[in-house]
Amino acid sequence: LQKGNLKFSDITQWRRTVRENPGLLGFLGVTYASQTIQAVLQHGPLLAVGYFLGTRAAGVYRIADQLAKALSKLATLVTQAIYPEVNRQKHQAPEAEFQRLITRISLIVFGAGALIVLIALLVGRQVLELIGGPEFSQGAPLLLPLAIAASLTWRRLHSSRSFTLTGRRIGH
């Protein structure tokens, strides 16, 4: 800090700052509420598992959840990668050809989601054991619903982009 720009004693002048900036408290309140809600949504399930089932179960849940979230991130990356090409096809290809492209992508996304669930079902226990050790293999039952949720994320991301490109509104 340069001398004269900001002094520690200025911190005690917070009332003046609030008075000079009428929307500041509202902005801070909304920001705080938003961050609190985000933290609860992000960490709430883990805290609930830890509270009701213990720290060991929370550790197992955490690893299974991280695997499922990695699959969801992969879905986001794939969607972002294909969107420009699909958008180009929307504007250059005939409507029937574009609809065939959307159908093919839908089948691929469905297959990828089914593959995620199948991998979780067949080798989920081994993957958890490889990552966390033998005591974490008991988290395999948790991995399956999380994998299903991740596969639905793939479908949701694709559907929202497809509806956007075709000019339809979701839910109407």
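Structural data are supplied above this passage.
Nothing here was measured: the structure is a model prediction, and the numbers come from that model. (Residues numbered from 1 in each chain as written. Predicted model: local features only at pLDDT ≥ 70, side-chain atom pairs only at ≥ 80, totals over all residues. Heavy atoms only, no water.)

**Observations regarding the overall build of the protein**
Reasoning step 1: Assigned secondary structure in the protein consists of 5 helices and 0 strands.
Reasoning step 2: Secondary structure elements of the protein, listed N to C terminal, follow the sequence α-α-α-α-α.
Reasoning step 3: The burial tally for the protein puts 26% of its 172 residues in the buried class.
Reasoning step 4: Nonlocal contacts in the protein, meaning residues at least 24 apart in sequence, comprise 67% of its contacts between residues at least 6 apart.
Reasoning step 5: In the structure as shown, the protein presents an accessible area of about 12,300 Å², 65% of it carried by carbon and sulfur atoms. (Helix = DSSP H or I, 4+ residues; strand = E, 2+ residues; numbered from the N terminus. Buried < 20%, exposed > 50% of the residue type's maximum accessible area, 1.4 Å probe, protein only. Contact = heavy atoms within 4.5 Å. Areas by Shrake-Rupley, 256 points an atom, 1.4 Å probe, with all protein chains shown as cover.)

**Some thoughts on the side chain of Ser 137**
Reasoning step 1: When you line up the elements, Ser 137 lands in the loop between helix 4 (95-132) and helix 5 (140-166).
Reasoning step 2: Among the residues examined, Ser 137 registers a relative accessible area of 12% and is labelled buried.
Reasoning step 3: Here the side chain of Ser 137 touches Pro 134 through a polar contact of 2.8 Å, landing on its backbone oxygen. (Polar contact = N/O pair within 3.5 Å; in protein donor to acceptor, adjacent residues only side chain to side chain.)

**Quick word on the layout of surface pockets**
A water-sized probe rolled over the atoms picks out the places where empty space is left.
Reasoning step 1: Roughly 150 Å³ of internal volume is contained in the second largest pocket.
Reasoning step 2: If you trace the second largest pocket, you find it lined by Leu 67, Leu 71, Leu 115, Ile 116, Ile 119, Ala 120, Gly 124, Val 127, Leu 143 and Ala 147.
Reasoning step 3: Of all the secondary-structure elements, those providing two or more residues to the lining of the second largest pocket are helix 3 (55-92), helix 4 and helix 5.
Reasoning step 4: Here the lining of the second largest pocket takes 6 residues from helix 4, the largest share from any one element.
Reasoning step 5: A per-class count over the lining of the second largest pocket returns 9 nonpolar, 1 polar and no charged. (1 Å grid on protein atoms, 1.4 Å probe; cavity = no way out; pocket = protein on both sides within 12 Å on 5 of 7 lines; lining within 4 Å. Points joined across faces, edges and corners; volume = space filled by probe spheres on them. Nonpolar A, V, L, I, M, F, W, Y, C, P; charged D, E, K, R; others polar.)

**Quick notes on the packing of helix 3 against helix 4**
Reasoning step 1: In the contact formed by helix 3 and helix 4, the axes pass within 11 Å of each other and the chain directions differ by 165°. In terms of their interaxial angle, helix 3 and helix 4 are classed as roughly antiparallel. Note that helix 3 runs across helix 4; the crossing there is right-handed. Here Ile 63, Ala 64, Leu 67, Leu 71, Ile 82, Val 86, Gln 89 and Lys 90 of helix 3 lie close against helix 4, whose contacting residues are Glu 95, Glu 97, Phe 98, Leu 101, Ile 102, Ile 105, Ile 116, Val 127, Leu 128, Ile 131 and Gly 132.
Reasoning step 2: Split into classes, the residues belonging to the contact of helix 3 with helix 4 amount to 14 nonpolar, 2 polar and 3 charged. (Axes fitted to C-alpha atoms, helices over the stretch in contact; angles between N-to-C directions. Parallel < 35°, antiparallel > 145°, perpendicular 65-115°, else oblique. Left-handed = near helix turned anticlockwise from the far one by under 90°.)

**Some points on the packing of helix 2 (residues 24-53) against helix 3**
Reasoning step 1: Two elements in contact, helix 2 and helix 3, have axes whose closest approach is 7 Å; the angle formed by their N-to-C orientations is 150°. In terms of axis orientation, helix 2 runs roughly antiparallel to helix 3. Helix-helix and strand crossings are classified by hand; for helix 2 and helix 3 the assignment is right-handed. Contacts between helix 2 and helix 3 involve Gln 42, Pro 45, Leu 46, Val 49, Gly 50 and Leu 53 from the former and Thr 55, Ala 57, Ala 58, Tyr 61, Arg 62 and Lys 69 from the latter.
Reasoning step 2: For the contact of helix 2 with helix 3, the class distribution of residues is 7 nonpolar, 3 polar and 2 charged.

**Focus on the pattern of salt bridges**
Reasoning step 1: In total, this model carries 3 salt bridges according to the counting rule given.
Reasoning step 2: Among the ionic pairs, Arg 16 bridges to Glu 20, the shortest N-O distance being 3.1 Å. Linking Arg 16 with Glu 20, this pair stays in helix 1 (residues 14-20), spanning 4 residues, or about one helical turn.
Reasoning step 3: With relative accessibility at 41%, the residue Arg 16 sits in the partly exposed group. (Salt bridge = Lys/Arg side-chain N within 4 Å of Asp/Glu carboxyl O.)

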